[in-house]
Amino acid sequence: MKAITNFSKLFLMFSLAVTVASCSSDDDTATEQPMTIAQIAMDNPDFSSLAAALDRADLSTTLDSDGSFTVFAPTNAAFSAFLQANGFANLEAVPVATLREVLLNHVMSGQNLSSGLSTGYVKTMGKGSASATNTLSMFINTSSGVLLNGGVNNGGAMVTTADVMASNGVIHIVNGVIGLPTVVNHAIANPDFATLVSALTRADQPDFAGILSGTGPFTVFAPTNNAFGSLLTELSLSGLDQVPQATLESALKYHVVAGANVLSSSLTNNMVVTTFEGSNFTVMTAGGASITDANSRISNIIAVDVQASNGVVHAIDKVLLP
């Protein structure tokens, strides 16, 4: 009888232990359930400015939904620097429409882990005033860390902490608020346009950077570094500084269409385009998109629809000459 009693006590203790362990396991499972992107922003004190901005722009519900998003999340320090740089006394001073687009410019559709990011252009959910349909492009440079739109000195940012997982996507913490990029910001951000930037900012040239940072819209056919190298060889010059002032100015203006945001879908065969320089070139789409300049030289369009807030950029492989 005593043996049976002892067995009953042991069985009861074992049952209690199993019940406690089961409850503990359930609690741990509940604790480990990932929060949504919006919940993480609200829960982290260093994202208090981001959480307030999302609420003000009516985006908290979006980032709390079941969709899949990648968010480059600025810290409080990043927001403070952004407000100061743009002359806003506080977050409430930023126009809601502007704030909404700036925030959406930090968001990509789908879950994009850091291991899947590579150097090149991606689309954000933000929009500028230049296009009603084409969302803003972002240039990601992974050659040393993850640099977005050229870093904080170009209105971009750098990822400081990657892959904060959420139930509806992933957060990458960044050290800057990513502004709405102009065509100039896009040129600066992409190392393959370094020679073009040097040409646009050469001391004897008009203030092209200022002009192309304006309202626009502009369509820029942007020659790559290799395109400029080929031009120098063609003209038998040893460097960009040897290109005469008037020649360079005319050539640079010849790559710009003012007053239009011309997407690749709008280019047609034998399309005659009037440039900012005043003369024309012809777009050909048969057999691949290309441009024939006033000297019958042909340049291939090798990348299209890099959308900026004030225009669009298409990359070309030869410098055009009027």
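Above this text sits the structure in question.
To start, this report covers the structure provided alongside it. (Residues numbered from 1 in each chain as written. Predicted model: local features only at pLDDT ≥ 70, side-chain atom pairs only at ≥ 80, totals over all residues. Heavy atoms only, no water.)

Let's talk about the side chain of S299
Stage number 1. With respect to the helices, strands and loops of the structure, S299 is situated in strand β13 (residues 298-308).
Stage number 2. Look at S299 and you get buried, because its relative accessible area is 1%.
Stage number 3. At 3.5 Å, the side chain of S299 forms a polar contact with the side chain of D317.
Stage number 4. When near neighbours in sequence (up to four residues on either side) are disregarded, S299 contacts S290, I291, I316, D317, K318 and L320. (Helix = DSSP H or I, 4+ residues; strand = E, 2+ residues; numbered from the N terminus. Buried < 20%, exposed > 50% of the residue type's maximum accessible area, 1.4 Å probe, protein only. Polar contact = N/O pair within 3.5 Å; in protein donor to acceptor, adjacent residues only side chain to side chain. Contact = heavy atoms within 4.5 Å.)

As for the nonpolar core
Stage number 1. Counting 30 residues, the largest nonpolar core has L50 and L103 as its most contacted members.
Stage number 2. Mapped by element, the contributors of at least two residues to this core are α2 (37-43), α3 (48-56), β1 (69-74), α4 (76-85), α5 (96-104) and β7 (169-174).
Stage number 3. Excluding anything up to four places from it in sequence, L103 contacts L50, A53, L54, A57, L59 and F79.
Stage number 4. With 27 residues, the next largest nonpolar core counts V183, A199, F228 and A251 among its residues. (Core = buried A, V, L, I, M, F, W, Y, C linked by side-chain atoms within 4.5 Å.)

As for the packing of α3 against α5
Helices that pack against each other are described as a pair by the angle of their axes relative to one another and the distance between those axes.
Stage number 1. Packing of α3 against α5 leaves a shortest axis separation of 9 Å and a crossing angle of 120 degrees. One finds that α3 runs oblique with respect to α5. Helix-helix and strand crossings are classified by hand; for α3 and α5 the assignment is left-handed. Taken together, the residues of α5 that come into contact with α3 (itself represented by L50, A53, L54 and R56) are V96, L99 and L103.
Stage number 2. Residue composition of the contact of α3 with α5, grouped by class: six nonpolar, no polar and one charged. (Axes fitted to C-alpha atoms, helices over the stretch in contact; angles between N-to-C directions. Parallel < 35°, antiparallel > 145°, perpendicular 65-115°, else oblique. Left-handed = near helix turned anticlockwise from the far one by under 90°. Nonpolar A, V, L, I, M, F, W, Y, C, P; charged D, E, K, R; others polar.)

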